[in-house]
Amino acid sequence: MQSGATRPVLLEARGIKKFYGAVEALRGIDLRIGKGETVALVGDNGAGKSTLVKIFSGAIQPSEGEIRFDGRPVDIASTDVARKLGIETVYQDLGLCENLNVADNIFLGRERMWGVGPLRFLDKRGMRAASDEALNGLSVNVPRADANVSGLSGGQRQAVALARTKLWKSALVLLDEPTAALGVQETKRAMEAVRRLQEEGVSIVLISHNMPLVLEMSQRVVVLRHGMKVGDVPTTGVSGDDIVSLITGARQTWIEAA
Ligand SMILES: Nc1ncnc2c1ncn2[C@@H]1O[C@H](COP(=O)(O)OP(=O)(O)O)[C@@H](O)[C@H]1O
Ligand SMILES: [Mg+2]
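Since the structure is predicted, the reported quantities are computational estimates derived from the model, not experimental observations.

Chemist: Explain the packing of helix α6 (residues 154-167) against helix α7 (residues 184-199) to me, please; I cannot follow it from the model alone.
Modeler: The packing of two helices is summarised by the inter-axis angle and the distance between the axes. At a minimum axis distance of 9 Å, the contact between α6 and α7 shows a crossing angle of 10°. Here α6 lies roughly parallel to α7, going by the angle between them. Touching Gly154, Gly155, Gln158, Leu162 and Thr165 of α6 are Glu186, Ala190, Ala193 and Leu197, all from α7. Each residue belonging to the contact of α6 with α7 can be placed in one class, and the counts come to four nonpolar, four polar and one charged.

As structure tokens, then:
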């Protein structure tokens with residue numbers, strides 16, 4: 001509780017609702033993410049986890065509710081707006097383009113240019129060098145910047161996605177089931193990369209069904225059930241069984257003020 005009370009708030013969401021036609025995917029979510037805090041977001045399939053993260057990443061818009069980022073009200077109208085705020089997302093499928101190489105994926109949407117006067121060119125060499133540098137800092141089996149993404153393993157793809165967040169000095173990284181497609185060894189390496197982000201003071205939202213991983217990586221656990229927040233507790237105060245009982249509804253709610 002102390003850590004939540006003293007930690008400055010990076011993102012604060014209030015009364016977030018999302019309707020998909022008649023489906024109410026989110027029914028008024030209040031959530032705070034502290035600076036440098038890792039919040040695990042858990043819940044059964046369909047609970048609304050991805051919907052909430054997509055709202056923070058600018059991929060979709062809430063039907064109702066407010067978001068403050070770094071103390072200011074923000075309208076995260078697009079993924080570009082999110083990126084400018086320093087919010088990066090690593091999706092389940094890692095969101096990489098198969099037909100591009102590693103460096104192109106890292107710089108996608110933010111290509112570096114060089115030129116003189118009206119002549120502009122892609123700074124391919126600069127982007128490759130910066131990509132290699134970002135990848136080398138990760139303690140994973142890193143691919144080369146000019147490698148094609150289609151030939152990479154799950155763990156290497158993870159490295160590419162994480163290098164992107166590293167290079168852009170993100171304030172908040174959203175990880176939607178980042179290890180769902182990875183083996184045990186690759187999951188371990190991916191979490192080492194996440195630890196590096198934590199050490200750099202990056203805030204993280206980690207969606208995962210892997211309870212040991214949730215308990216190991218997070219400072220706070222937030223549980224969604226049917227679009228409602230039913231749990232919000234410091235990780236040190238809960239067991240895997242506690243979390244599962246909130247997910248299933250065996251325990252109704254457990255909210256400790258953050
Ligand atoms: N694009 C969409 N159109 C209609 N319904 C959707 C869409 N995306 C999600 N939903 C619904 O919203 C609810 C929450 O989904 P989601 O956020 O993906 O849950 P989770 O990530 O926790 O599994 C589910 O009932 C799902 O079917
Ligand atoms: Mg999901």
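After presenting the structure, the write-up continues.
Chemist: Explanation requested: helix α5 (residues 124-136) in the structure shown.
Modeler: Side chains of residues three or four places apart in an α-helix project in the same direction, reflecting 3.6 residues per turn. The end-to-end C-alpha distance of α5, which contains 13 residues, comes to 18 Å, matching closely the 18 Å that a straight helix rising 1.5 Å per residue would cover. Where α5 is concerned, the buried positions are Gly126, Met127, Ala130, Ser131, Ala134 and Leu135. The buried side chains of α5 occupy one side of the element, clustering within an arc of 160° when seen end-on. The exposed residues of α5 that point more than 90 degrees off its buried face are Arg125, Glu133 and Asn136. If you follow the buried residues of α5, they end up packed against α4 (102-106), β8 (119-122) and α6.

Chemist: What am I meant to see in the nonpolar core here?
Modeler: A general feature of soluble globular proteins is that nonpolar side chains tend to end up buried together. If you look at the biggest cluster of nonpolar residues, it comprises 28 residues, and the most contacted ones within it are Leu52, Phe56, Ile67 and Leu172. For this core, the secondary structure elements donating two or more residues are β1 (9-20), β2 (23-34), β3 (38-42), α2 (49-56), β4 (64-69), β9 (172-176), β10 (203-207) and β11 (220-225). Setting aside anything within four residues of it in sequence, one finds leucine 52 in contact with Ile16, Leu26, Ile29, Leu31, Leu41 and Leu224. Counting residues in each nonpolar core, the second largest holds 16 residues, with Leu162, Val173, Met191 and Val202 among its members.

Chemist: I tried to follow the site of ligand 1 on my own but got confused; where do I start?
Modeler: Taken together, the neighbourhood of ligand 1 is formed by Tyr20, Ala25, Asp44, Asn45, Gly46, Ala47, Gly48, Lys49, Ser50 and Thr51. The backbone of glycine 46 places a nitrogen or oxygen atom 2.7 Å from an oxygen atom of ligand 1. Protein burial of ligand 1: of its 560 Å² of free accessible surface, 59% is covered by the chains. The dominant element in the shell around ligand 1, judged by the number of residues it contributes, is α2, at three residues.

The rules behind these values
Each chain has its residues counted from 1, running along the sequence as written. Numbering of ligands from 1 and lettering of chains from A proceed in the order in which they are written. Local features in a predicted model are, by the rule used here, given only for residues with pLDDT of at least 70; side-chain atom pairs are given and counted only at 80 or more, and totals for whole chains, interfaces and linings are based on all residues. Neither water nor hydrogens contribute to the side-chain values; these are computed over all heavy atoms in the structure. Throughout, an axis means a line fitted to C-alpha atoms (over the contacting stretch in the case of helices), and angles, computed between N-to-C directions, take values from 0 to 180 degrees. Only DSSP runs of H or I with at least four residues qualify as helices, and only runs of E with at least two residues qualify as strands; both kinds are numbered from the N terminus onward. In what follows, roughly perpendicular refers to angles from 65 to 115 degrees, roughly parallel to angles under 35, roughly antiparallel to angles over 145, and oblique to any angle outside these ranges. Contacts between residues were defined by any pair of non-hydrogen atoms, one from each residue, lying within 4.5 Å. Here the term charged refers only to Asp, Glu, Lys and Arg, the term nonpolar to Ala, Val, Leu, Ile, Met, Phe, Trp, Tyr, Cys and Pro, and the term polar to all other amino acids, Gly among them. Multiplying 1.5 Å by the residue count of a helix minus one yields the expected span of that helix. Classification of residues uses two cut-offs on accessible area relative to the type maximum, computed with a 1.4 Å probe and protein chains only: under 20% is buried, over 50% is exposed, and between them is partly exposed. Arc definition: directions from the helix axis to the C-beta atoms. Only buried residues count toward a nonpolar core, which is a set of Ala, Val, Leu, Ile, Met, Phe, Trp, Tyr and Cys residues joined through side-chain atoms within 4.5 Å. A single heavy atom is enough: if one lies within 4 Å of a molecule or strand, its residue is considered near that molecule or strand. Polar contact is the term for a pair of N or O atoms within 3.5 Å; when the atoms are in protein, one must be able to donate a hydrogen and the other to accept it, and sequence-neighboring residues count only if both atoms are side-chain atoms. Working definition of accessibility: Shrake-Rupley area with a 1.4 Å probe, residue cover restricted to the visible protein chains.

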